[in-house]
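Chain residues, written in single-letter form:
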Amino acid sequence: MKEIEVSARTVEEATERALEQLGLSLEQAEIEIISEGKSGLLGIGSEPARVRVTENANHIPAGEQIETCAVDTLETMLNLMDLDASVFRENDTSASYDDEKSEAPIVYDISGDDLGILIGRRGQTLACLQYITRLIVTRQTGYSAPLVLDVNGYKKRRYESLRTLARNVADQVERNGNPCTLEPMPAYERRIIHLTLAEHPGVITESVGFGEDRKVIIQPK
Amino acid sequence: MKDLVEYIAKSLVNAPDAVVVTEETDAENGILLKLKVADEDKGRIIGKQGRIAQAIRTLIRVKAAKAGIKASLEII
């Protein structure tokens with residue numbers, strides 16, 4: 001959010017200058033008078049008028065507020081973690097958006113060298129980073145945003161390979177009639193498997209186990 | 001190490017001015033970070049079943065691993 005403090009001879013003049021510098025109209029800003037100013041006698045004992053002008057958040061569209069806040073938060077955190085990485089908005093959201101009922105997610109890809117450390121085992125570290133970023137953005141903007149983070153396209157690649165895996169295993173289960181249990185996966189990965197096979201004619205899917213050990217079982221129908 | 005915790009904590013609480021992080025170095029266990037927030041903000045830092053605290057710890061570990069040290073976080 002933009003904020004500025006300006007001094008001038010009168011309050012009106014200071015306000016006008018501040019608005020001009022921020023590129024806002026009077027309705028888009030909050031004006032706080034810090035000092036009314038004194039004219040003094042022949043310039044002696046005079047004090048400038050001082051105002052603080054803050055951009056009024058209400059006129060900025062929610063999407064824009066969320067995006068600015070998300071990028072700022074992410075860049076600050078990556079910086080504080082001593083990671084050399086850049087944040088890009090990913091426009092292809094198909095990997096994390098596969099049901100029309102939910103709001104399209106805002107996806108950011110973090111790119112840089114040696115970022116495996118940011119993904120963690122089974123993407124756990126990435127999940128934590130996404131969780132904290134969402135919390136901060138919700139807290140600061142007041143909107144709960146469907147933010148999704150990725151690192152060097154990791155989730156996108158995972159999405160493709162999980163879909164292939166799901167189809168192959170499903171065909172095999174259908175053929176030989178034996179259920180097959182996949183390795184443990186985080187919730188959003190299991191969801192990809194379930195959704196990929198929802199329409200499959202020969203198998204049904206089910207998740208079993210608790211916490212980190214929860215996994216998908218593909219069974220013949 | 002301190003600044004990362006401080007940034008996250010201040011961004012999540014109602015009273016950012018009450019956020020205090022202290023750092024102690026222990027030869028055996030590396031860096032111990034102690035985070036203090038206003039009483040009514042404790043829930044915002046810990047989260048349901050400690051989920052937020054655990055996520056902050058995970059992010060600290062990334063930074064510590066990069067620096068080749070150990071770090072732990074205590075909320076007091």
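Residue indices begin from 1 for each chain and proceed along its sequence in written order. To read the labels, note that chains go from A and ligands from 1, taken in the order they are written. pLDDT decides what is reported in this predicted model: residues at 70 or higher carry local features, side-chain atom pairs at 80 or more are listed and counted, and totals for whole chains, interfaces and linings draw on all residues regardless. To get the side-chain values, all heavy atoms of the structure are used, and hydrogens and water are removed first.

Another aspect to go through is helix α4 (residues 124–141) of chain A. Note: α-helices contain 3.6 residues per turn, so residues at a spacing of three or four share the same orientation. All names here are of chain A. For α4, built from 18 residues, the straight-helix expectation of 26 Å at 1.5 Å per residue is met to within 8% by its first-to-last C-alpha distance of 26 Å. Each residue is placed in one exposure class: buried if its accessible area under a 1.4 Å probe, protein chains only, is under 20% of its type's maximum, exposed if it is over 50%, and partly exposed if it falls in between. Under the scheme used here, helices are H or I runs from DSSP no shorter than 4 residues and strands are E runs no shorter than 2 residues, and both carry numbers assigned from the N terminus. Taken together, the buried positions of α4 are occupied by Thr125, Leu126, Cys128, Leu129, Gln130, Tyr131, Ile132, Thr133, Ile136, Val137 and Thr141. Of the residues flanking the end of α4, it is Gly142, one or two places downstream, whose phi is positive at about 80°. Take the number of residues in a helix, subtract one, and multiply by 1.5 Å to get its expected span.

Summarising the model, chain B shows a mean pLDDT of 91, and 100% of its residues fall at 70 or more. Interface confidence for the predicted complex, given as ipTM, is 0.94, next to a pTM of 0.76. Scored from 0 to 100, pLDDT reflects the predictor's confidence in each residue.

Another point: the sheet that holds strand β3 (residues 49–55) of chain A. Residue and element names in this part refer to chain A. Across the sheet, three strands lie side by side as β1-β3-β2; this open sheet has antiparallel pairing. The two strands at the open ends of the sheet, each matched to only one other strand, are β1 (3–8) and β2 (29–35). Averaged over all pairs of adjacent strands, the angle between strand axes in this sheet comes to 20°, irrespective of strand direction. Those strands touched by helix α1 (residues 11–22) are β1, β2 and β3, and its axis lies near 140° from that of β1. Here the rule is simple: two strands pair whenever DSSP picks up at least two bridges between them. Axis lines are fitted to C-alpha atoms, over the contacting stretch for helices. Their N-to-C directions set the angle, which ranges from 0 to 180 degrees. Throughout, a residue-residue contact means that at least one pair of heavy atoms, one from each residue, lies within 4.5 Å.

Here we come to the nonpolar core. Definition used in this section: a nonpolar core is a set of buried Ala, Val, Leu, Ile, Met, Phe, Trp, Tyr and Cys residues joined via side-chain atoms within 4.5 Å. Counting 51 residues, the largest nonpolar core has Leu118(A), Ile132(A) and Leu35(B) as its most contacted members. If we skip the residues at most four places from it in the chain, Leu35(B) touches Val5(B), Ala9(B), Val19(B), Val20(B), Val21(B), Ile45(B), Leu73(B), Glu74(B), Ile75(B) and Ile76(B).

The next point concerns unusual backbone geometry. Although it is not a glycine, Asp82(A) sits at a positive phi angle of roughly 60°. The topology assignment puts Asp82(A) in the loop between α2 (62–80) and β4 (86–90). Under the relative-accessibility criterion, Asp82(A) is labelled partly exposed at 49%. We note that Gln49(B) has phi near 55°; this positive angle belongs to a residue other than glycine. With respect to the secondary-structure elements, Gln49(B) resides in the loop between α2 (42–46) and α3 (51–67).

Residues and elements named next belong to chain A. The contact between helix α5 (residues 154–176) and helix α6 (residues 187–197) brings their axes to 9 Å, and the two run at 45°. It follows from the interaxial angle that α5 and α6 lie oblique. Seen from above, α5 lies across α6 with right-handed handedness. Within the contact between the two elements, α5 uses Tyr154, Lys155, Arg158, Tyr159, Leu162, Arg163, Ala166, Arg167 and Ala170 and α6 uses Tyr188, Glu189, Ile192, Ile193, Thr196 and Leu197. Residues are grouped as follows: nonpolar covers Ala, Val, Leu, Ile, Met, Phe, Trp, Tyr, Cys and Pro; charged covers Asp, Glu, Lys and Arg; every other residue, Gly included, is treated as polar. Broken down by class, the residue content of the contact of α5 with α6 amounts to nine nonpolar, one polar and five charged. Here the word oblique covers every angle except those under 35 degrees (roughly parallel), over 145 (roughly antiparallel) and from 65 to 115 (roughly perpendicular). Take the far helix as the reference: if the near one is turned anticlockwise from it by less than a right angle, the crossing is left-handed, and if turned clockwise, right-handed.

Here the focus is the interface of chain B and chain A. In this complex, chain B contributes 19 residues to the contact, which on the side of chain A involves 19 residues. By convention, the term buried area covers the 1.4 Å-probe accessible surface removed from two parts as they join, with the contributions of both added. Approximately 1,800 Å² of surface area, both sides summed, lies buried where chain B meets chain A, with 74% of it carried by carbon and sulfur atoms. The largest contributions to the chain B side of the interface with chain A come from Tyr7(B), Leu59(B) and Val62(B), which together make up 30% of the buried area. Any carboxyl oxygen of Asp or Glu within 4 Å of a side-chain nitrogen of Lys or Arg constitutes a salt bridge here. At the junction of chain B with chain A, the criterion picks out zero salt bridges. Within 3.5 Å is the distance limit for a polar contact, defined as a pair of N or O atoms, with the added protein rule that one can donate a hydrogen and the other accept it, and that residues adjacent in sequence qualify only through two side-chain atoms. Where chain B packs against chain A, one counts six residue pairs in polar contact (both at pLDDT 80 or more). Going through the elements one at a time, α1 (2–12) and α3 of chain B are the ones with two or more residues in the side of chain B that touches chain A.

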